[in-house]
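Letter by letter, the chains look like this.
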Amino acid sequence: MREVYASLKLFIGGNIMKRITILTGAGMSAESGLSLFRGGNGLWNNYPVEQVATPEGFAANPSLVLEFYNKRRTELLQVEPNDGHRLVASLEEKYAVTVVTQNVDNLHERAGSTNVIHLHGELMKVCSSRNPNDPRCVRTLSSPDLEIKMGDLAADGSQLRPFIVWFGEAVPLMEDAIAAMQGIDAFVIIGTSLNVYPAAGLLHYAPAGVPIYLIDPNDVNATLPSNAIHIRKGASEGMNILINEYLDK
Ligand code: OAD
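Since the model is a prediction, treat every value here as computed from it, not as a measurement.

A. Inspection of the overall build of the chain at higher detail. Helix and strand counts for the chain stand at 10 helices and nine strands. By principal-axis analysis of the C-alpha atoms, the chain measures approximately 55 × 40 × 30 Å. Considering the chain as a whole, with its 249 residues, one finds that 50% of them fall into the buried category. Across the chain, every contact between residues at least 6 apart in sequence was considered, and the portion connecting residues at least 24 apart equals 64%. Roughly 12,100 Å² of accessible area belongs to the chain as shown, and the carbon and sulfur atoms make up 52% of that amount.

B. Structural detail: the site of the ligand. Taken together, 21 residues form the shell around the ligand, and within it Arg38, Thr192, Ser193, Asp216 and Asn218 come nearest. Separating an oxygen atom of the ligand from a backbone N or O atom of Ala26 is a distance of 2.8 Å. Take Thr192: an N or O atom from its side chain is 2.7 Å from an oxygen atom of the ligand. For the ligand, whose free accessible area comes to 800 Å², the fraction covered by protein is 92%. Judged by its atoms lying within 2 Å of the grid points, the ligand is housed in the largest pocket.

C. Structural context of the side chain of Glu92. In this structure, Glu92 sits in the loop between α7 (83-90) and β2 (95-101). For Glu92, a relative accessible area of 14% translates into the label buried. Within the structure, Glu92 has its side chain in polar contact with the side chain of Thr114 (distance 2.7 Å).

D. Looking closely at unusual backbone geometry. In this chain, Ser143 is followed by Pro144 through a cis amide linkage whose omega measures 0 degrees. Following Tyr197, the chain continues into Pro198 via a peptide bond in cis, with omega recorded as 10 degrees. Looking at the secondary structure, you find Pro198 in the loop between β7 (186-190) and β8 (212-215).

E. Fine view of helix α6 (residues 62-77). In this model, α6 (16 residues) spans 23 Å end to end at C-alpha, consistent with the 22 Å of a helix rising 1.5 Å per residue. Where α6 is concerned, the buried positions are Pro62, Val65, Leu66, Phe68, Tyr69, Asn70, Arg72, Arg73 and Leu76. Turning to α6, the residues buried within the fold contact α3 (43-46), α4 (49-52), α5 (55-60), α8 (107-111), β4 (121-128) and β6 (160-164).

F. Structural context of α7. Regarding α7, the residues found buried are Gly84, His85, Leu87, Val88 and Ala89. The inward-facing, buried residues of α7 abut β1 (18-24), α2 (26-30), β2, α8, β7 and α10 (235-246). Of the residues that open α7, the one with a side-chain oxygen 2.7 Å from the backbone nitrogen of Gly84 is Asn82.

G. Broad picture of the environment of Leu160. Along the chain, the position of Leu160 falls in strand β6. Residue Leu160 is classed as buried on the basis of its relative accessible area of 3%. As for Leu160 and Ser129, which are separated by 31 residues in sequence, their C-alpha atoms are 5.8 Å apart. Once you skip the residues sitting within four places of it in the chain, Leu160 turns out to touch Phe58, Leu66, Val126, Cys127, Arg139, Ile148, Asp152, Leu153 and Ala154.

H. Spotlight on the nonpolar core. With 24 residues, the main nonpolar core has Trp44, Phe68, Tyr69, Leu76 and Trp166 as its most contacted residues. When contributions to this core are tallied by element, the ones reaching two or more residues are α3, α6, β4 and β6. No other element matches the five residues that α6 contributes to this core. If sequence neighbours within four positions are ignored, Trp44 has contacts with Phe37, Arg38, Val49, Val52, Ala53, Phe68 and Phe167.

I. Up close: the pattern of salt bridges. In the structure shown here, the tally under the stated rule is eight salt bridges. Residue Arg136 is joined to Asp134 by a salt bridge in which the shortest nitrogen-to-oxygen separation is 3.0 Å. With a relative accessible area of 71%, Arg136 lands in the exposed category. What makes Asp134 buried here is its relative accessible area of 11%. Close ionic contact of Glu169 with Arg161 constitutes a salt bridge, the shortest N to O distance being 2.9 Å.

Basis of the calculations
Residues numbered from 1 in each chain as written. Predicted model: local features only at pLDDT ≥ 70, side-chain atom pairs only at ≥ 80, totals over all residues. Heavy atoms only, no water. Helix = DSSP H or I, 4+ residues; strand = E, 2+ residues; numbered from the N terminus. Buried < 20%, exposed > 50% of the residue type's maximum accessible area, 1.4 Å probe, protein only. Contact = heavy atoms within 4.5 Å. Areas by Shrake-Rupley, 256 points an atom, 1.4 Å probe, with all protein chains shown as cover. Near = heavy atom within 4 Å. Polar contact = N/O pair within 3.5 Å; in protein donor to acceptor, adjacent residues only side chain to side chain. 1 Å grid on protein atoms, 1.4 Å probe; cavity = no way out; pocket = protein on both sides within 12 Å on 5 of 7 lines; lining within 4 Å. Sits in = over half its atoms within 2 Å of the grid points. Expected span 1.5 Å × (residues − 1). Core = buried A, V, L, I, M, F, W, Y, C linked by side-chain atoms within 4.5 Å. Salt bridge = Lys/Arg side-chain N within 4 Å of Asp/Glu carboxyl O.

It is worth stressing that arrangement in space is one thing and function is another; only the former is reported here.
This is the structure we're talking about:
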């Protein structure tokens, strides 16, 4: 389905649009005020990852896990997309763009991106704890009911849980993400430490010789191909440089 959508866009107006796939991580939303995961102030420094982001953690203390994601959801409603998100969205004026994000926030969509693959789930959605990927049980929360409590049930009668891919769980949209790497004209990576697989492995699906751009103020945990260009800036400034100095030059 996504491929059909992409090829429709390719021929809009009779022009062949170049295709760009963009992989984003927590650094993309840092300038909006959301936390990173790793490093000094990273979320995983304050909340043990095995307690709040694994099926075992949820089984051991579901209230703690619901509370953790309720808090993240409240934070998300208090922040706005940043210029980096807006510049990513603006690329759709000239390119067929797929955003593959590890972020569970909705800031890409709120900035105007229309083709976003959420590899690690979506904070505003909830699902069944018996079968997290049963689409009949997935729904989007809306104000004022933004918290999940113990006893809130999914359509299959099981406890509701956040629609988040936890460590140790399958990443069902990885196949769509890999498909989005086929035939691309450029691959852009923004604000991810490339520590978490399979998402980090997307890099290896870039067709040989395709330009690769990394926007991140710091080093990442990957050996990039020799043709990759590392723009050592934050997301907004880095996107400006990418657009003005590299794309279409
Ligand atoms: P990390 O916290 O591991 O990495 C964030 C990256 O953003 C780092 O490389 C930073 O240098 C970079 N960065 C910091 N400020 C930036 C800025 N203003 N602009 C651009 N980049 C900036 O976060 P992720 O790589 O996204 O998964 O983490 C991947 C996954 O690990 C997450 O999706 C989450 C986590 O565990 C799950 O919860 C399943």
